[in-house]
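# Chain and residue survey
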Amino acid sequence: MMPPRARAGTLRFLVADDHGIVRHGLRELILDAFHPDTVVEADRGRRVIDEVRAQAWDLVVLDIGLPDMDGLEVLKDLKRIRPDQKVLMLSLQPEEQYAVRALKAQASGYVSKTRAAEDLVAAIQTILDGRTYVSTTLAEHLARNVGRRLDDAQDAALSDRE
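Attention here is on the structure that accompanies the text. Just so it is clear, the model here is predicted, and its values are computed rather than measured.

Further remarks concern the nonpolar core. Counting residues in hydrophobic clusters, the biggest one holds 27 residues, and the most contacted among them are V48, V60, L62, L78 and M89. If you list the elements that add at least two residues to this core, you get β1 (12-16), β2 (38-42), α2 (45-54), β3 (59-63), α3 (71-81), β4 (87-91) and α4 (95-104). In this structure, L29, A33, I124 and Y133 belong to the second largest nonpolar core, which totals 21 residues.

Encoded structure:
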């Protein structure tokens with residue numbers, strides 16, 4: 001794995017996932033790749049909201065599937081609290097179905113849990129550099145569908161939770 005570019009100052013990450021083993025793995029990956037000063041873990045949406053209400057983070061890595069709240073609902077709440085908060089959505093759900101919704105809700109990026117660790121590191125670095133992360137797979141999907149509305153009747157019929 002290529003090391004990310006050095007970053008001046010301190011880095012603070014908030015990692016939210018309902019599975020302890022996943023949180024631990026994300027924490028270790030972030031510690032190894034970015035050497036942040038702080039990595040805080042949360043297993044519930046309410047905890048994420050409380051943490052973001054209390055302070056800004058360089059990045060919130062947020063799972064879509066949390067036990068008390070849908071991750072997209074949490075994202076929308078975070079953006080109301082701190083409009084500039086960077087949030088990377090992470091999920092097992094297919095990019096074609098959920099990434100567009102996450103990006104419309106102002107996520108800074110979307111990564112599937114099926115991707116390699118290097119992809120997650122690249123996504124984090126892209127977001128820390130002030131850009132939006134979109135995977136090659138999602139970019140191809142968006143390019144194929146640029147001529148039609150992204151929220152066509154099939155997608156529009158589903159709520160964010162669905």
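In the contact formed by α2 and α3, the axes pass within 10 Å of each other and the chain directions differ by 15 degrees. Accordingly, the angle class assigned to the pair α2 and α3 is roughly parallel. Our pair here, α2 against α3, has a crossing hand that is right-handed. Each of G45, V48, I49, V52 and R53 in α2 lies in contact with α3, whose residues at this interface are V74, D77, L78 and I81. When the residues that make up the contact of α2 with α3 are grouped by side-chain class, the tally is six nonpolar, one polar and two charged.

Each value, and the rule that gives it
Residues numbered from 1 in each chain as written. Predicted model: local features only at pLDDT ≥ 70, side-chain atom pairs only at ≥ 80, totals over all residues. Heavy atoms only, no water. Core = buried A, V, L, I, M, F, W, Y, C linked by side-chain atoms within 4.5 Å. Buried < 20%, exposed > 50% of the residue type's maximum accessible area, 1.4 Å probe, protein only. Helix = DSSP H or I, 4+ residues; strand = E, 2+ residues; numbered from the N terminus. Axes fitted to C-alpha atoms, helices over the stretch in contact; angles between N-to-C directions. Parallel < 35°, antiparallel > 145°, perpendicular 65-115°, else oblique. Left-handed = near helix turned anticlockwise from the far one by under 90°. Contact = heavy atoms within 4.5 Å. Nonpolar A, V, L, I, M, F, W, Y, C, P; charged D, E, K, R; others polar.

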